Amino acid sequence: MSGHELAMSLRAAYLSMHRQADRVLQPFGLTANQYVVLSVLDDEDGITQQLLVDRVNSDPNTIRPILVALEKKRFIRRKPHPTDRRARSVHITPTGRKAFAKMRNESEEFRTQLIGELPPQDVRSLINLLNQVTLNMQPGAQRVTTDSE
């Protein structure tokens with residue numbers, strides 16, 4: 001398998017998943033990207049915007065409009081960081097937490113569909129492999145070779 005085939009397969013899987021997630025979340029007035037931000041904040045409330053960028057594997061220019069939209073919905077609030085004057089911390093509001101819980105519950109079928117008929121060990125292997133692809137794409141990453149090369 002070539003890197004090109006892997007890239008095209010990853011792209012097709014991601015776009016298919018992202019489009020379906022947007023459809024599932026549309027009745028809530030949210031996008032998949034906004035949901036991901038709420039998901040991270042549900043787990044790590046009060047993290048800095050920079051750490052949030054890292055957690056969602058994005059960049060500041062992409063995160064900023066997502067945060068603005070979530071603030072308008074009163075799902076999050078940003079405050080000056082208590083110890084770093086240059087940073088801002090991002091907090092999920094009670095309204096945001098309640099909305100996220102409802103969205104998470106009502107989108108469970110989507111996550112079940114994502115896994116499909118894959119056995120649990122294959123799901124774990126796929127997650128590990130995707131994490132390795134992410135690591136491989138980091139600047140300065142060392143190429144991992146396999147016995148088949």
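Scroll up for the structure.
In this text, all values refer to a predicted model and were calculated from it rather than measured experimentally.

Draft legend 1. Seen up close, unusual backbone geometry. Phi at Asn57 takes a positive value of approximately 55°, unusual for a residue other than glycine. Here Asn57 shows up in the loop between helix H3 (49-55) and helix H4 (60-72). According to the relative accessible area criterion, Asn57 is exposed, its value standing at 66%. Unlike most non-glycine residues, Arg74 shows phi in positive territory, near 65°. Mapping Arg74 onto the fold places it in the loop between H4 and strand S2 (76-80).

Draft legend 2. The pattern of salt bridges, seen in detail. Inspection of the entire model under this criterion finds 6 salt bridges. The salt bridge involving Arg97 is made with Asp42; its shortest N-O contact spans 2.8 Å. Remark: Asp42 occurs in helix H2 (residues 32-43) and Arg97 occurs in helix H5 (residues 94-106); sequence separation between them is 55 residues. Looking at Asp42, the relative accessible area reads 28%, which means it is partly exposed. With a shortest N-O distance of 3.4 Å, Arg86 and Asp84 are connected by a salt bridge. Its relative accessible area of 76% is what places Arg86 among the exposed residues. Several salt bridges converge on common partners, so that one network encompasses Asp42, Asp45 and Arg97.

Draft legend 3. Region of the structure containing the packing of H2 against H4. The N-to-C vectors of H2 and H4 enclose an angle of 80°; their axes lie 10 Å apart at closest approach. Judged by the inter-axis angle, H2 sits roughly perpendicular to H4. Contact residues: Asn33, Gln34, Val37 and Leu38 in H2; Ile63, Ile66, Leu67, Ala69 and Leu70 in H4. Of the residues contributing to the contact of H2 with H4, the split by class is 7 nonpolar, 2 polar and no charged.

Draft legend 4. Focus on the packing of helix H1 (residues 3-25) against H2. The contact between H1 and H2 brings their axes to 8 Å, and the two run at 85°. By the angle class used here, H1 and H2 are roughly perpendicular. Listed contacts from H2 to Tyr14, His18, Ala21, Asp22 and Leu25 of H1 are Ala32, Asn33 and Tyr35. Class assignment of the residues belonging to the contact of H1 with H2 gives a composition of 5 nonpolar, 2 polar and 1 charged.

Draft legend 5. Layout of the sheet that holds strand S1 (residues 47-48). Taken together, the 3 strands give an open sheet; going across it, the order is S1-S3-S2, and neighbouring strands pair in antiparallel fashion. With partners counted over all chains shown, the strands left at the sheet margins are S1 and S2, one partner each. Direction of pairing for S2 relative to strand S3 (residues 88-92): antiparallel, over a ladder of 5 bridges. Across the sheet, the residue bridging to Ile76 is Ile92, located in S3.

Criteria and thresholds
Position numbers for residues count from 1 along each chain, tracking the sequence in the order it is written. For a predicted model such as this one, the threshold for reporting local features is a pLDDT of at least 70, and the threshold for listing and counting side-chain atom pairs is 80 or more; totals across whole chains, interfaces and linings nevertheless cover every residue. Derived side-chain values reflect all non-hydrogen atoms in the structure, with water molecules and hydrogen atoms excluded from consideration. For the purposes of this entry, the term helix denotes a DSSP run of H or I that reaches at least four residues, the term strand denotes a run of E that reaches at least two, and both are numbered from the N terminus. Burial classes: relative accessible area under 20% of the type maximum marks a residue as buried, over 50% as exposed, and values in between as partly exposed (1.4 Å probe, protein chains only). By definition, a salt bridge exists where a carboxyl oxygen of Asp or Glu is found within 4 Å of a side-chain nitrogen of Lys or Arg. To get an axis, fit a line to the C-alpha atoms, keeping to the stretch in contact for a helix; angles then go from 0 to 180 degrees between the N-to-C directions. For classification, angles of less than 35 degrees are called roughly parallel, those exceeding 145 degrees roughly antiparallel, those between 65 and 115 degrees roughly perpendicular, and all remaining angles oblique. Here, residues are in contact when the closest pair of their heavy atoms is within 4.5 Å. Gly counts as polar in this scheme, as do all residues outside two lists: the nonpolar Ala, Val, Leu, Ile, Met, Phe, Trp, Tyr, Cys and Pro, and the charged Asp, Glu, Lys and Arg. Two strands qualify as a pair provided that DSSP identifies no fewer than 2 bridges between them.

Everything listed is a geometric property; what it means functionally is a separate question.
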